[in-house]
Amino acid sequence: MYENRKLGLAYISPYIIGLVVFTAFPFISSLIISFTDYDLISTPSFVGVDNYAYMLGDETFYKSLGVTFAYVFLTIPLKLAFALFIAFVLNFKLRGIKFFRTAYYIPSILGSSVAIAVLWRAIFSLDGLLNTFIGYLGIPPVAWLGEPHFAMLSVTLLRVWQFGSAMVIFLAALQSVPQSQYEAAMIDGASKWHMFTKITIPLITPVIFFNFIMQTTQAFQEFTAPYVITAGGPAKSTYLFSLYIYETAFKYFDMGYGSALAWVLFIIVAIFTSISFKSSKYWVFYSGDKGGKND
Amino acid sequence: MIRKSVLCLSIGLAMAAGSTVAQAEELRFSWWGGNSRHEATNAAVDVYEAASGNVVKTEYTGWGGHLERLTTQIAGKTEPDLMQTNWNWLPIFSPKGDGFHDLRTLSAQLDLSQFDESALALGTIDGKLNSLPVSMAARIFYFNETVWADAGLDFPTTWDELMAAGPVFQEKLGDKYFPLVLEGRDVIAMNRSYMVQKYGIPMIDEANRTFAYSEDQMVEFFQLYADMVENHVTPSSKYIASFGAANLYEHKPWINGEWAGLYMWNSAINKYGNNLQPPMTLALGEYPILDGAASSGLFYKPGLMFSISKNSDQPEEAAKLLNFLLNEKEGIEVMGLQRGVPLNKYAREVLAENGTLNNSDLSVSGLALINELPKQVPTSGHFENPQLVALFQENIEQMDHGQKTVEEAAMSFYKQGERILRRAIKK
């Protein structure tokens, strides 16, 4: 028994070591650094809550926070709705459905790579693919990356396009909805739409909730797309919080303020997630529930 | 079974450890640059490896992100043994002169006799030679000959002529054509030059850790950019942004000649020239000087430098490689002018002899022009502060998007910029 435990620990040691070295240590040290003035090269000096106090009057902080929320509120509903829709379609028993399931997943395999972001830039550039295409339809070119609201949309679309992982999870959930319930509903004369909204959706709410939480925490930390496609521009319209943290820490050598910003982001994500969890009991139905709020 | 697993694990770990030990003997060498510099430097390193039997691991990137990467490495004491460094990084990494290896202590491997003491002084802090300057450089004007000829214009010789070229380009070639293209860091350097010519003062007052300009002068500084955009002399930051975030020389309008001029480092010019669609060619412009100006206001500084890590286990080996690149005939010939016209006297002789150093090269003819211009007002090392440049870029973008007036942008830059300078210029 004890031998087994040692072996078990040996097997998971790479993960434990990784967790301590690459997550726990930076996590704690960034908290400490956030109370210092530290330029990476000279010794840090303790400044108390100065970094946090400065944030209150920092224009860029508010701007960047606003941009981040706009990004999250734009990306998440679009991505989840799209993923659910495609999963729904791919749940039909059609010929060659496996091919389509794979095909729709491919963008997600590419992940948050720089290469994809570069491709995106080439599509949305003023002389890019998209403008060439709409040019054939007689529409004049649009400055997708030059106009603040379009730039945000272009960056958002990249992540919405990568809906594969959420889709696969939705697909699994859809397949676990018992056929008998649909059959019963059909006998009662329910329409397809009724079946979707009254049976499918309620039964997969735990999975919707799971996808929502996963995608939201990811979206708050988005970095690669805006960094590569627009570098946060134009006029800071895609200057997400993670970009601000990165530039503050590694471009302006203000590790203290950068760490403080990172901690504020952490707290915001934590609050947001806990609100989501609190709200979940009103709309997420776990099997065995009678539905609605638990008594 | 358990024993076997543990044995396998320890063998695996031992092998992994073994491979890191083997790697530690390699010499690491990093630089930033364009493709041609990468190719030449890698070729030179190959020659060095073949001759010395040493293994050199090269780590090279474009300019964007290089400083961030190096900073992280230096903070973690994992920087390469030999590094290409920038002049304004010295106050960041080595404010007291102990941030890099003192190159004078490596005189057995690295010959400094071919460098003027005045050149060495530029890389010296507190008597310690932190960085060895390779070449001198300044920002000057270069124009796309072919497109300017199409516009029916001669290159401008005064600021007024430059301003007047915008409408001609627009009328003769169309809305997409501009006589010049300027990003934030080009604008700030060019406007500074104009202000030096007009008022005889630099932008930054280092002694008082603030701007040397009055508020009105700062507004004038921003107005100059606004006028250039208004007059179609340069595309607005908004228009440039619509092509996405990339190096200027990779943008299609640069390659196809729509953006027909630059205010650029003479040492960097060849990567821009090389990217033009043939048969278009780039040519050196005259430097406009206001009547009665005592100084040109050139942003003149060491083009780039080399430093050896203070954490290196093998500084002597790093010095040998550096010596090969800068002092030995083979290295000099392979490197050519990829890092500008060498300050090293022997290198200039070698390159003159084999015909590389001649005025048909834009960086060479540019340097000749730079050497003739008056440069009484030196540029502060903090002028290129990344945060200050980013703040400037942000404010001109806000102007271009109609979010701020010229006055508002100027005042916002003045206020926030002063804070940045106070923090950057250590007492």
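Residues numbered from 1 in each chain as written. Chains lettered and ligands numbered in written order. Predicted model: local features only at pLDDT ≥ 70, side-chain atom pairs only at ≥ 80, totals over all residues.

- As annotated in an unreviewed UniProt entry, chain A is Putative ABC sugar transporter (Permease) from Reinekea blandensis MED297.
- The record in UniProt for chain A states the following under Sequence similarities (unreviewed entry): "Belongs to the binding-protein-dependent transport system permease family."
- Turning to chain A, the UniProt annotation filed under Subcellular location (unreviewed entry) states: "Cell membrane". (UniProt positions renumbered as here; feature names shortened; annotations may be inferred.)

1. Structural notes on the overall build of chain A
Working step 1: When its secondary structure is counted, chain A shows 13 helices and 2 strands.
Working step 2: The principal-axis extents of the C-alpha atoms in chain A amount to approximately 75 × 70 × 40 Å.
Working step 3: Restricting the contact set of chain A to residue pairs at least 6 apart, pairs at least 24 apart contribute 67%. (Helix = DSSP H or I, 4+ residues; strand = E, 2+ residues; numbered from the N terminus. Contact = placed C-beta atoms within 7 Å.)

2. What to know about the pairing of strand 2 (residues 56-61) of chain B
Residues and elements named next belong to chain B.
Working step 1: Two elements, strand 1 (residues 27-32) and strand 2, share 6 bridges in a ladder whose sense is parallel. For Leu27, the partnering residue across the bridge sits in strand 2 and is Val56.
Working step 2: For the handedness criterion, the β-α-β arrangement of strand 1, helix 2 (residues 35-52) and strand 2 is classed as right-handed. (Pairing = 2+ DSSP bridges. Right-handed = clockwise from strand over helix to strand, strands pointing away.)

3. Quick look at the confidence of the model for chain B
Residues and elements named next belong to chain B.
Working step 1: Averaged over all residues, the pLDDT of chain B is 89; the fraction at 70 or higher stands at 94%.
Working step 2: The low-confidence segment residues 5-24 (pLDDT under 50) makes 3 contacts with residues lying over four places distant or belonging to another chain.
Working step 3: Both scores are available for the predicted complex, with the pTM at 0.81 and the ipTM at 0.76. (pLDDT = per-residue confidence, 0-100.)

4. Thoughts on the UniProt feature "transmembrane region" (unreviewed entry) in chain A
All names here are of chain A.
Working step 1: Those places that UniProt annotates as "transmembrane region" (unreviewed entry) correspond, in this numbering, to residues 12-35, 69-90, 102-123, 150-174, 195-214 and 260-277.
Working step 2: The span residues 150-174 is 92% helix and 0% strand, and its two end C-alpha atoms sit 34 Å from each other.
Working step 3: The span residues 195-214 shows a helical share of 100% and a strand share of 0%, and its end C-alpha atoms are spaced 27 Å apart.

5. Looking at helix 8 (residues 164-176) of chain A
Residues and elements named next belong to chain A.
Working step 1: Across its 13 residues, helix 8 extends 19 Å between first and last C-alpha, which sits within 8% of the 18 Å expected from 1.5 Å per residue.
Working step 2: Where helix 8 is concerned, the buried positions are Gly164, Ala166, Met167, Phe170, Leu171 and Ala173.
Working step 3: For helix 8, the elements touching its buried residues are helix 3 (59-90), helix 4 (97-109) and helix 10 (192-220). (Expected span 1.5 Å × (residues − 1). Buried ≥ 20, exposed ≤ 12 C-beta atoms within 10 Å, placed from the backbone.)

6. Concerning the nonpolar core
Working step 1: Of all hydrophobic cores here, the largest spans 172 residues; its most connected members are A:Ala83, A:Phe170, B:Leu82, B:Tyr142, B:Met218, B:Leu321 and B:Leu322.
Working step 2: At 10 residues, the largest contribution of residues to this core is made by helix 3 of chain A.
Working step 3: Of the domains in this structure, domain 1 (21-135 + 302-363) and domain 2 (138-300 + 366-424) of chain B are the two that each give at least three residues to this core.
Working step 4: Setting aside residues no more than four positions away along its own chain, B:Leu82 makes contact with B:Leu27, B:Phe29, B:Phe306, B:Ile308, B:Ala318, B:Leu321 and B:Leu322. (Core = buried A, V, L, I, M, F, W, Y, C linked by C-beta atoms within 7 Å. Domains from an automatic or database assignment.)

7. Comments concerning the domain arrangement of chain B
Residue and element names in this part refer to chain B.
Working step 1: The domain boundaries assigned to chain B delineate domain 1 (21-135 + 302-363) and domain 2 (138-300 + 366-424).
Working step 2: Spacing between the C-alpha centres of domain 1 and domain 2 amounts to 29 Å.
Working step 3: With 15 residues of domain 1 in contact, the opposing surface of domain 2 contributes 17 residues.
Working step 4: For the side of domain 1 that touches domain 2, the per-class residue count stands at 4 nonpolar, 10 polar and 1 charged. (Nonpolar A, V, L, I, M, F, W, Y, C, P; charged D, E, K, R; others polar.)

8. Observations concerning the interface of chain B and chain A
Working step 1: Between chain B and chain A, the contact holds 28 residues from the first and 26 residues from the second.
Working step 2: Contributing elements (two or more residues each) for the side of chain B that touches chain A: helix 1 (2-24), helix 3 (66-75), helix 4 (90-93), helix 10 (237-241) and helix 17 (386-400) of chain B.
Working step 3: Within the side of chain B that touches chain A, the residues separate by chemical class into 13 nonpolar, 10 polar and 5 charged.

9. Focus on the confidence of the model for chain A
Working step 1: Across chain A, the average pLDDT comes to 88, with 96% of residues at 70 or higher.
Working step 2: Every residue in residues 291-295 of chain A is under pLDDT 50, and counting partners more than four places away or in other chains gives 4 contacts.

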